[in-house]
There are 2 protein chains.
Amino acid sequence: GCLINSEEFNYGMETREAYKRGDLSSDLVEEQKKVQEADLLIFQFPLYWFSMPAIMKGWMDRVLVQGFAHEFPNCYDSGLLKNKLALFSFTTGGSKEMYEKGAINGDIRHLLWPMQHGIMHFCGVRVLEPHICFAPEYVSEEKRKGMLIAWAQRLKTLWNEEPINCSPEWYFK
Amino acid sequence: GCLINSEEFNYGMETREAYKRGDLSSDLVEEQKKVQEADLLIFQFPLYWFSMPAIMKGWMDRVLVQGFAHEFPNCYDSGLLKNKLALFSFTTGGSKEMYEKGAINGDIRHLLWPMQHGIMHFCGVRVLEPHICFAPEYVSEEKRKGMLIAWAQRLKTLWNEEPINCSPEWYFK
């Protein structure tokens, strides 16, 4: 649609206004509908450069529009997606030992801060414990099968889980 | 080019082999040439969701190929891009006060960990102090001009700066 202010283009404001007018691209509207209807968002991805792959970051950047997911002062505990849960389930290249405190990559919780707190918590979404499969590429076929079984097992009782306390203490204690 | 192993597709291995054969897409080859020739990489971006915008993350994901930027055990201090410097220069939506320890967004250094340590340091690149312009959208025209002057000033003496100590202490002290 038309810009609200084409002289001083402001991406955040323009996407918020387009959202309100129902003028966002149809792929975004579809994704937002899925989010709206979901009680739990599971993000499954391979960890890329201490974060999510760019294509998934693009989903966050484009879908979680102001007015839909947050609207100051409705952020963090009063974010517009409150009452929803999220879970980051991902695979890594490195082993568990490489992602521990004092190890070469540092505590894996450090890299969860921007994703879990900066994105999900900011939108009011409470976060369940992440589900991490370390280095599936380098373990035996048997261990890989074990990982799948453990994930299937966890899914069965997911609704009984309590969200983490998504504050600096959880990440940097 | 052709895949090395089309039965068990391994993205990291395939990109490494394509790099060695000179078979990467021409846009990647061009970007890698720029990196190779640079002594200092300055990344200028608006902070998006506690990270870089997806399109810039895509640059990282695609350009910093194994064999070019790192090759185990050549990572971190012995990464293949050692002897280069990087500087993250970015704008934020929130004010400085919102990115301090104990504030709503937490210490801004926390979100620099995946980008500065997880990407740059991993490739052997040493990192200069980030250059952060807080909330340019919400300050006066005069303050915005001041930000540009301060940046121009810093650029003049950039080569005299010492890299940060890119270890957990810098980020989570």
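Thresholds applied
- Residues numbered from 1 in each chain as written.
- Chains lettered and ligands numbered in written order.
- Predicted model: local features only at pLDDT ≥ 70, side-chain atom pairs only at ≥ 80, totals over all residues.
- Heavy atoms only, no water.
- UniProt positions renumbered as here; feature names shortened; annotations may be inferred.
- Helix = DSSP H or I, 4+ residues; strand = E, 2+ residues; numbered from the N terminus.
- Least-squares fit on C-alpha atoms with pLDDT ≥ 70 in both.
- Contact = heavy atoms within 4.5 Å.

The name given to chain A in an unreviewed UniProt entry is Ribosyldihydronicotinamide dehydrogenase [quinone], with the source organism recorded as Atlantisia rogersi. According to UniProt, the comment filed for chain A under the heading Sequence similarities (unreviewed entry) is "Belongs to the NAD(P)H dehydrogenase (quinone) family." The UniProt entry for chain A carries the following comment under Function (unreviewed entry): "The enzyme apparently serves as a quinone reductase in connection with conjugation reactions of hydroquinones involved in detoxification pathways as well as in biosynthetic processes such as the vitamin K-dependent gamma-carboxylation of glutamate residues in prothrombin synthesis."

K.L.:
Now, about the environment of Glu162 of chain A: what can you tell me, with residues and values included?
P.N.:
Within the element layout of this structure, Glu162 of chain A appears in the loop between helix 5 (141-156) and helix 6 (168-172). Linking Glu162 of chain A and Leu40 of chain A, residues 122 residues apart in sequence, is a C-alpha distance of 13 Å.

K.L.:
An account of the relation of the copies chain A and chain B is requested, with residue identities and associated values reported.
P.N.:
When chain A is fitted to chain B, the residual RMSD is 0.0 Å, and the transformation amounts to a turn of 180° plus an axial shift of 0.0 Å. Put plainly, the chains are arranged around a two-fold axis. Rotation axis and chain A: the residue whose C-alpha lies nearest the axis is Ala54 of chain A, separated from it by 2.5 Å. By residue overlap, the copies meet face to face through one surface: 100% of the interface positions of chain A are interface positions in chain B.

K.L.:
Lay out the environment of Ile42 of chain A with the relevant residues and their values.
P.N.:
All names here are of chain A. Mapped onto the secondary structure, Ile42 falls in strand 1 (residues 40-46). Sequence spacing of Ile42 and His131 is 89 residues, and the spatial spacing of their C-alpha atoms is 9.9 Å. Other than its neighbours up to four places away in sequence, Ile42 contacts Leu87, Ser89, Trp151, Leu155 and Leu158.

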